[in-house]
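# Structural description and commentary
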Amino acid sequence: MLCVPAAFLKTKLEAWLTFIGSDRPDDILEVVRCYPEFRELYQEVFEFRYQKRELIEMYSKALSILDANTVEYMVEQQKKEIRKLTKALESKTKALEEEHREVERLHALLEAMETKK
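Read on for a plain summary of the structure. Going along each chain's sequence as written, the residues are numbered from 1 onward. With pLDDT at 70 or above as the cut-off, local features in this predicted model cover only qualifying residues; side-chain atom pairs require 80 or more to be listed or tallied, and sums for whole chains, interfaces and linings still use all residues. As a rule here, side-chain values come from all non-hydrogen atoms in the structure, and water together with hydrogens is ignored.

## A short note on the overall build of the protein
Basically, it comes down to this: Only DSSP runs of H or I with at least four residues qualify as helices, and only runs of E with at least two residues qualify as strands; both kinds are numbered from the N terminus onward. The size measure is the radius of gyration over C-alpha atoms, and the globule rule it meets is 2.2 Å times the number of residues to the 0.38 power. Only protein chains enter the accessibility calculation, which uses a 1.4 Å probe; a residue is then buried when its area is under 20% of its type maximum, exposed when over 50%, and partly exposed in between. Two residues form a contact once any of their heavy atoms are found within 4.5 Å. The protein chains shown are the only cover counted for residues, whose accessible areas, like all others here, come from Shrake-Rupley with a 1.4 Å probe.
Counting its regular elements, the protein contains four helices and zero strands. Rg of the C-alpha trace for the protein: 35 Å, well past the compact-globule value of 13 Å for 117 residues, more than 25% over. Considering only C-alpha atoms, the protein reaches an extent of 115 × 35 × 20 Å along its principal axes. Every one of the 117 residues in the protein was classed for burial, and the buried ones make up 11%. Summarising the internal contacts of the protein: among those between residues at least 6 apart in sequence, 33% fall at separations of at least 24. For the protein, the accessible area works out to roughly 10,600 Å², and carbon and sulfur atoms hold 61% of it.

Here it is as structure tokens:
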């Protein structure tokens with residue numbers, strides 16, 4: 001039987017995208033009808049739904065990876081914030097040191113003026 005693909009299945013790439021992205025049985029049926037090589041993949045996916053333990057383990061691993069990535073991202077963000085705050089602190093420390101030197105200079109000038117009286 002010659003397959004005349006639906007408008008959304010003009011290329012194999014479109015068939016893949018439909019196969020992966022659609023949850024409509026009619027779409028999947030059309031993909032399998034026009035591209036028989038998808039039948040075995042669909043059967044594997046369909047049977048996988050009944051393997052709950054394996055499915056839960058897969059999701060657990062995925063969540064574990066996401067958690068690790070989230071922690072790594074948060075650590076990187078904290079490091080950036082620490083570097084930013086450290087630079088700000090160094091800048092303020094320099095400004096305070098300059099002000100302290102100016103206060104000492106003015107204090108010395110005041111003492112010199114008082115001793116001249």
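That covers the picture; the talk isn't over yet.
## Some points on the nonpolar core
Cut-off, in case you're wondering: Here, nonpolar core means buried Ala, Val, Leu, Ile, Met, Phe, Trp, Tyr and Cys residues that are tied together by side-chain atoms lying within 4.5 Å of each other.
Among the nonpolar cores identified, the biggest contains nine residues, and these are Leu 9, Ala 15, Phe 19, Ile 28, Val 31, Val 32, Cys 34, Tyr 35 and Phe 38. Those elements giving two or more residues to this core turn out to be helix H1 (12–21) and helix H2 (25–34).

## Description of the packing of aromatic side chains
Using the following cut-off: Two rings belonging to Phe, Tyr or Trp (six-membered ring only in the last case) form a pair when the distance between their centres is within 6.5 Å. Interplanar angles under 30 degrees mark stacking, angles over 60 mark edge-to-face geometry, and anything in between is tilted.
One pass over the structure, following the stated rule, counts five aromatic pairs. Here the aromatic rings of Trp 16 and Phe 19 are separated by 6.3 Å at their centres, their planes lie at 90°, and the arrangement is edge-to-face. Residue Trp 16 and its partner Phe 19 are both found in helix H1; the two are separated by three residues, about one turn of the helix. Grouping aromatic residues by their ring pairs yields a cluster made of Trp 16, Phe 19, Tyr 35 and Phe 38.

## Considerations on H2
When we look at burial in H2, the residues that qualify are Asp 27, Ile 28, Glu 30, Val 31, Val 32 and Cys 34. In this structure, the buried residues of H2 make contact with H1 and helix H3 (38–48).

## What to know about the packing of H2 against H3
Definition in use: Interaxial angle, 0 to 180 degrees, is taken between N-to-C directions of lines fitted to C-alpha atoms, where a helix line uses only the stretch in contact. With respect to orientation, any angle under 35 degrees is reported as roughly parallel, any angle over 145 as roughly antiparallel, any angle of 65 to 115 as roughly perpendicular, and every other angle as oblique. All residues other than Ala, Val, Leu, Ile, Met, Phe, Trp, Tyr, Cys, Pro, Asp, Glu, Lys and Arg, Gly among them, are scored as polar; the first ten of these are nonpolar and the last four charged.
The contact between H2 and H3 brings their axes to 8 Å, and the two run at 140°. In terms of their interaxial angle, H2 and H3 are classed as oblique. Each of Ile 28, Val 31 and Val 32 in H2 lies in contact with H3, whose residues at this interface are Phe 38, Arg 39 and Tyr 42. Tallied by class, the residues present in the contact of H2 with H3 amount to five nonpolar, no polar and one charged.

## Describing the pattern of salt bridges
Once the charged atoms of two side chains with opposite charge are near each other, the side chains can pair. Filter applied, for reference: For this document, the term salt bridge refers to a Lys or Arg side-chain nitrogen within 4 Å of an Asp or Glu carboxyl oxygen.
Tallied over the full model, the rule gives five salt bridges. Across the salt bridge formed by Glu 37 and Lys 12, the nearest N and O atoms sit 2.7 Å from each other. Remark: Lys 12 occurs in helix H1 and Glu 37 occurs in the loop between H2 and H3; sequence separation between them is 25 residues. Of the residues examined, Glu 37 reaches a relative accessible area of 42% and is grouped as partly exposed. The class for Lys 12 is partly exposed, based on a relative accessible area of 41%. In this structure, Arg 105 engages Glu 102 in a salt bridge whose closest nitrogen and oxygen atoms are separated by 2.6 Å. Here Glu 102 and Arg 105 lie together in helix H4 (residues 52–116), a separation of three residues that amounts to about one turn.

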